[in-house]
Amino acid sequence: MFSGSMDILVIESPNGGYKSSSFHVRFGSLKVIKSKEQDIEIYVNSKKTNVTMKLSSSGDAYFQFDELDPQVSQQQNLYNSEIKGYDNLEEKDNLIKNNYNLFKKRYKSFFPSSNQIKQLNLKPERNDICFVCKTSTSGIQTLKSSIYLWPSSSKIVISDVDGTITRSDVLGQVLPVLGKDWTHEGVTELFSKIKNQGYKIIYLTSRAIGQSTMTKSYLDSLIQEKKTLPPGPLIMSPDGLFTSLKREVIERKPHLLKIPVLSEIKNLFPQGLTPFFAGFGNRDTDGIAYRYLGIPLNYIFLIDTSSKVLRLGETKKENYKLIADKVEDIFPIIGN
């Protein structure tokens, strides 16, 4: 319930460098956390890599650098600014520069360096990644997720999960566990056609990282008329279950998560590029988040509980099947 690992996105720049989204890996076992053996081994596509992480006292894995990597420093700064609520980016930059020697010896980050990413030997698109913690008290503990390698020319379509793929924010989390189908009709056909036009899909949810295995299994197993959802990274809340539920269900402010995590992904691309092409959601707050990221109004699609879809900027409602019938007009084909 408290352990999990988030999917990771790596973007390869035209000059051959790599930048990744944050590695959110959490071991929830108290036996693991209390162990003094805190090295985390990383396997990619079943092969052990030379890249390792450390385990904090809270159970979160992190990278530790002997030297301050400028690229990692910039990403960590953006993460601190947007995820943790530190809103003065210039002041944070100056803080890191003025305290270089302080950070130099024991610099911690959720972001690997470009060289570390290269050592993962990723293949294009989807890769399996496994984080292994070996302790004398609890044996071998493993967490699995996916890591995607995309070029910087990628065009991305974002889809919320709860209420957008499922027909309800809350029931969409509960009913699939009970074996009930609670999805919007036509979603697999539409997203498959969008994928075939050359677009990449990112799935976004405010669910906590401890729900990662269950959520990934649900998305991977979803079949409608013999069509499955196209693969794509699942981006979740790095917070705990109760914090995530409070933001999603009680406060009803999921955009406070979605804006910073999607901004992090946008920052993986070379400056000046706009990777996000369209966004699917079910709330006005999804529209707020997508507009903040620069997605044009008429490429934001909001679906209601009756499976009617409103394309912002228009008044006529459609559904996923009708949009799928004219997908070539809405999503012009692009190179892979």
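Throughout what follows, the structure given in this document is the object of discussion. Along each chain, the written sequence defines residue order, and numbers are assigned to residues from 1. Local features in this predicted model are restricted to residues whose pLDDT is 70 or higher, and side-chain atom pairs enter the listing and the counts only when it is 80 or higher, whereas totals over whole chains, interfaces and linings include all residues. The basis for every side-chain value is the complete set of heavy atoms in the structure, and neither hydrogens nor water enter the calculation.

Re the overall build of the protein
When helices and strands are tallied, the protein shows 13 helices and 19 strands. The criterion used for residue contact is that any of the two residues' heavy atoms lie within 4.5 Å. Looking at the protein alone, contacts between residues at least 24 apart form 68% of all its contacts between residues at least 6 apart. Residue exposure ignores everything except the shown protein chains as possible cover, and the areas themselves are Shrake-Rupley values with a 1.4 Å probe. For the protein, the accessible surface area stands at approximately 16,000 Å², while carbon and sulfur atoms represent 51% of it. Counting from the N terminus, the helices are the DSSP runs of H or I reaching at least four residues and the strands are the DSSP runs of E reaching at least two.

So, the environment of isoleucine 209
Here isoleucine 209 is to be found in the loop between β12 (200-208) and α8 (212-221). With 202 residues separating them in the primary sequence, isoleucine 209 and aspartate 7 have C-alpha atoms 9.9 Å apart.

Some details on the packing of aromatic side chains
The geometry of an aromatic ring pair is captured by two quantities: the separation of the ring centres and the angle between the planes. Note on aromatic contacts: the rings of Phe and Tyr and the six-membered ring of Trp form a pair at centre separations within 6.5 Å, being stacked when their planes are under 30 degrees apart, edge-to-face when over 60 apart, and tilted otherwise. All chains considered together, the criterion is met by 13 aromatic pairs. Plain terms: the ring middles of phenylalanine 191 and tyrosine 320 are 6.3 Å apart, the flat faces sit at 50° to each other, and that makes the pair tilted. Of this pair, phenylalanine 191 sits in helix α7 (residues 187-196) while tyrosine 320 sits in helix α12 (residues 320-325), and the two are 129 residues apart along the sequence. In this pair, the class of phenylalanine 191 matches that of tyrosine 320, namely buried. On the numbers, 5.6 Å between centres and 80° between planes, the contact of tyrosine 199 with phenylalanine 331 is edge-to-face. Here tyrosine 199, found in the loop between α7 and β12, pairs with phenylalanine 331, found in the segment after α13 (327-330); they are 132 residues apart in sequence, far enough to count as distant. Phenylalanine 331 matches tyrosine 199 in its accessibility class, with the two residues each being buried. Categorising residues by exposure relies on relative accessible area from a 1.4 Å probe, with only protein chains included: less than 20% of the type maximum marks a residue as buried, more than 50% marks it as exposed, and the intermediate range marks it as partly exposed.

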